[in-house]
Structure formats: C-alpha cells, structure tokens
Amino acid sequence: QVHLVESGGGLVQPGGSLRLSCSASGSIFAINAMAWYRQAPGKQRELVASITRIGSTNYADSVKGRFTISRDNANTVYLQMNSLKPEDTAVYYCNVDGLRSTPWSPPHDVWGQGTQVTVAS
C-alpha cells in the first residue's frame, strides 16, 4: 500500500517562507498528478497547486506568483511558499491523483494526514 508522509509545516511570520514536502512510499507504477490542498476552519477544502506527471502546473489565483509546486524523480512533491499571508493559515493536505500501484491496478486517490501552516506575527 502507498503512504504519504508530509513535512515542513509550522508557524511563520507574515512575509516569511515555508517549504512543504510530501513523499509517496510503497508500490507505485504510475501517478496522474500530485497536488496540495488546504482547508481553513469554517471553509471548504480548496486546491492550492497541482503538478502532473509531465510537469504541467496549476495554481489557485490566491497563491499565484507566491507559491511554487515541484516534483522530483522519487515521487516527492514540494510546495515552496513565499510572501506568506495570515490568510494562508490552514491545514495543508498532500494528494496523489490517479495512483496505480501496478499496470493492472485501477486508479485511485491517496491523501496525506495534513500539516498545519500558521502565519502570524
């Protein structure tokens, strides 16, 4: 089975930077995309950024120009967050879309446990 391990969350000051990491471990044959979502208290979970297996990226308008998503060859996805604002405070979730552990496995999604990001003075 596949597990996602997230790291990098914490408390930062407004204008600061933070880098989130998410590593997928286990049997992985193919992944359609990896993404970061976030959910603040009382709000719906929203897509922050995504990256496909061929490197195409997509960002929420609220983070465009400040956040950068990237992926390495070891099935690890990163979210570099710069110029952080208090409204960025949320639990951030790593997501793997369309995971197949073998060529004959049906695709499914896998979610990380979430990591807290707090932006405050």
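Look up a bit, the structure's there.
Read on for an overview of the structure. (Residues numbered from 1 in each chain as written. Predicted model: local features only at pLDDT ≥ 70, side-chain atom pairs only at ≥ 80, totals over all residues. Heavy atoms only, no water.)

**Overview of the overall build of the chain**
Working step 1: When helices and strands are tallied, the chain shows zero helices and eleven strands.
Working step 2: In terms of C-alpha radius of gyration, the chain reaches 14 Å, essentially the compact-globule figure of 14 Å for 121 residues.
Working step 3: Considered along the principal axes of its C-alpha atoms, the chain spans approximately 50 × 25 × 25 Å.
Working step 4: Classification of the 121 residues of the chain by burial places 41% in the buried group.
Working step 5: Partitioning the intrachain contacts of the chain with sequence separation of at least 6 by distance along the chain shows that 55% fall at a separation of at least 24.
Working step 6: For the chain, the exposed area adds up to about 6400 Å²; of that, 49% sits on carbon and sulfur atoms.
Working step 7: Mean positive and mean negative side-chain charge positions of the chain (10 and 8 charges, respectively) differ by 3 Å. (Helix = DSSP H or I, 4+ residues; strand = E, 2+ residues; numbered from the N terminus. Rg over C-alpha atoms; globule rule 2.2 N^0.38 Å. Buried < 20%, exposed > 50% of the residue type's maximum accessible area, 1.4 Å probe, protein only. Contact = heavy atoms within 4.5 Å. Areas by Shrake-Rupley, 256 points an atom, 1.4 Å probe, with all protein chains shown as cover. Lys, Arg positive; Asp, Glu negative; His and termini not counted. Charge placed at Lys NZ, Arg CZ, Asp CG, Glu CD.)

**A closer look at the packing of aromatic side chains**
Working step 1: Going through the model one piece at a time under the given rule, you end up with one aromatic pair.
Working step 2: Ring centres of Tyr37 and Trp111 lie 5.0 Å apart, and the angle between their planes is 55°; this geometry places the pair in the tilted category. Of the two residues, Tyr37 sits in strand β4 (residues 33-39) while Trp111 sits in strand β10 (residues 108-111), which places them 74 residues apart along the sequence.
Working step 3: A residue is classified by how much of its surface remains accessible, and Tyr37, at 22% relative accessible area, is partly exposed.
Working step 4: Take Trp111: its relative accessible area is 38%, and that puts it in the partly exposed class. (Phe/Tyr/Trp six-rings, centres within 6.5 Å; stacked < 30°, edge-to-face > 60°.)

**Focus on the side chain of Ser50**
Working step 1: Along the chain, Ser50 turns up in strand β5 (residues 46-52).
Working step 2: Each residue touching Ser50, except ones within four places of it in the same chain, is listed here: Met34, Ala35, Ser56, Thr57, Asn58 and Ile69.

**Details of the sheet that holds strand β1 (residues 3-7)**
Working step 1: The strand order across the open sheet formed by four strands is β1-β3-β8-β7, and the pairing between neighbours is antiparallel. What marks the edges here is a single partner per strand, and that holds for β1 and β7 (67-71). Ignoring which end each strand starts from, the neighbouring axes of this sheet average 15° apart.
Working step 2: When β1 meets strand β3 (residues 18-25), the two strands line up antiparallel, connected through five bridges. Looking at β3, one finds that Val5 is bridged to Ser23. (Pairing = 2+ DSSP bridges. Axes fitted to C-alpha atoms, helices over the stretch in contact; angles between N-to-C directions.)

**Points about the nonpolar core**
Working step 1: With 31 residues, the main nonpolar core has Trp36, Leu79, Met81 and Tyr92 as its most contacted residues.
Working step 2: Those elements giving two or more residues to this core turn out to be β3, β4, β5, β7, β8 (76-81), β9 (90-99) and β11 (115-119).
Working step 3: When residues in this core are grouped by element, the largest group, five residues, is from β9. (Core = buried A, V, L, I, M, F, W, Y, C linked by side-chain atoms within 4.5 Å.)

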